[in-house]
Amino acid sequence: MPKQKKIEPLLGEELLKKVKELESESKEDKAKKCGYYTVTKNGIERVNMMKFLNALIDAEGIQLDSTPSANGRGGRSASYRISVQSNGNLLIGSAYTKQMNLKPGDEFIITLGKKHIRLKQVDPEDREDDEDIDATA
């Protein structure tokens, strides 16, 4: 039995164009004519609808998967809003500190305005200068 050549399925614009040409065909026929099928050892042709539909989605540029977070888990996204807790504290969540690559021990200068609070990160070099001043005073 002669070996059959590998079937190369259509992708991108070629796929979209071919599907439009085959408008009146069934979805299985469209998938087969676009190369989304395999031939078994017994010579039976099997249509791979999942690969066909995924290729169509990709060709259309539709993004179904959300971008995974750095640790690969889901969860809430940063809303850039916080509220004062019942004990009077303001808590800045880890989503913000991770986004800024902050490490435990990083220091900030707090400046209070009429309706705002500004945090300015203290550079490690500036912190060493402050320690030298405190030591000599």
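Note that the coordinates shown come from a computational prediction; the quantities given were computed from them, not determined experimentally.

K.L.:
Account for unusual backbone geometry, naming residues and giving values.
P.N.:
Positive phi, normally seen in glycine, also occurs at asparagine 101, with a value near 55°. Topologically, asparagine 101 is positioned in the loop between α4 (94–99) and β3 (108–112).

K.L.:
Quick rundown of the pattern of salt bridges? Include the residues and the values.
P.N.:
Pairs may arise between side chains of opposite charge once their charged atoms sit close together. Tallied over the entire structure, the rule returns 2 salt bridges. Lysine 33 is paired through a salt bridge with glutamate 25; the nearest N and O atoms lie 3.3 Å apart. Of the charged contacts, one joins glutamate 45 and lysine 32 as a salt bridge, the two residues approaching to 2.2 Å between their closest N and O atoms. Residue glutamate 45 is located in strand β2 (residues 45–47), and its partner lysine 32 is located in helix α2 (residues 27–33); the two are separated by 13 residues in the primary sequence. By relative accessible area, glutamate 45 is classed as partly exposed at 39%. A relative accessible area of 33% places lysine 32 in the partly exposed class.

K.L.:
With reference to specific residues and values, describe the pairing of β3.
P.N.:
A regular strand carries its side chains on alternate faces of the sheet. Bridge analysis of β3 against strand β4 (residues 117–121) gives 5 bridges, and the strand direction is antiparallel. Looking at the pairing, threonine 111 lines up with arginine 118 of β4. Connecting β3 to the antiparallel partner β4 that follows it, the hairpin turn spans 4 residues.

K.L.:
Tell me about the packing of helix α1 (residues 12–21) against helix α3 (residues 49–60), and name the residues and values.
P.N.:
Contact pair α1 / α3: the axes reach a minimum separation of 9 Å and the direction vectors enclose 110°. Considering the angle they form, α1 stands roughly perpendicular to α3. As α1 packs across α3, the resulting crossing turns out to be left-handed. Counting all contacts with α1, which are made through Gly12, Leu15, Leu16 and Val19, the residues of α3 involved are Phe52, Ala55, Leu56, Ala59 and Glu60. The residue inventory of the contact of α1 with α3, partitioned by class, reads 7 nonpolar, 1 polar and 1 charged.

K.L.:
Please provide a residue-by-residue account of α3, values included.
P.N.:
For α3, with 12 residues, the first-to-last C-alpha span of 16 Å sits near the 16 Å given by 1.5 Å per residue. For α3, the full list of buried residues reads Met49, Phe52, Ala55, Leu56 and Ala59. Down the axis of α3, the smallest arc covering the buried residues is 130°, so these residues share one side. Residues of α3 that are exposed and point more than 90 degrees away from the buried face comprise Met50, Lys51 and Asp58. Turning to α3, the residues buried within the fold contact α1, α2 and β2. With its phi angle positive at about 80°, glycine 61 sits one or two positions after the end of α3.

Conventions we followed
- Residue numbering note: each chain is counted from 1, following its sequence as written.
- Only residues with pLDDT of 70 or above have their local features reported here, since the model is predicted, and side-chain atom pairs are shown and tallied only from 80 upward, although totals for entire chains, interfaces and linings are computed over all residues.
- No hydrogens and no water enter the side-chain calculation; it runs on all heavy atoms of the structure.
- Here a strand is any run of E in DSSP of at least two residues, a helix any run of H or I of at least four, and the numbering for each starts at the N terminus.
- Each reported salt bridge corresponds to a side-chain nitrogen of Lys or Arg within 4 Å of a carboxyl oxygen of Asp or Glu.
- Buried residues are those whose accessible area, probed at 1.4 Å on protein chains only, stays under 20% of the maximum for their type, while exposed residues exceed 50% and partly exposed ones sit between those limits.
- DSSP bridges decide pairing: two strands pair if at least two such bridges lie between them.
- Each axis is a line fitted through C-alpha atoms, and for a helix only the stretch in contact is used; angles between axes span 0 to 180 degrees, taken between their N-to-C directions.
- To sort the angles, those under 35 degrees are grouped as roughly parallel, those over 145 as roughly antiparallel, those from 65 to 115 as roughly perpendicular, and the leftovers as oblique.
- With the far helix as reference, a near helix turned anticlockwise by less than a right angle produces a left-handed crossing, and one turned clockwise produces a right-handed crossing.
- Any two residues having at least one pair of non-hydrogen atoms within 4.5 Å are treated as being in contact.
- Three classes are used: nonpolar for Ala, Val, Leu, Ile, Met, Phe, Trp, Tyr, Cys and Pro, charged for Asp, Glu, Lys and Arg, and polar for all others, with Gly counted as polar.
- To estimate how far a helix should extend, the number of its residues minus one is multiplied by 1.5 Å.
- The arc in question is the one spanned by the directions pointing from the helix axis to the C-beta atoms.

Note that every value here comes from positions in space, so none of it alone points to a role or purpose.
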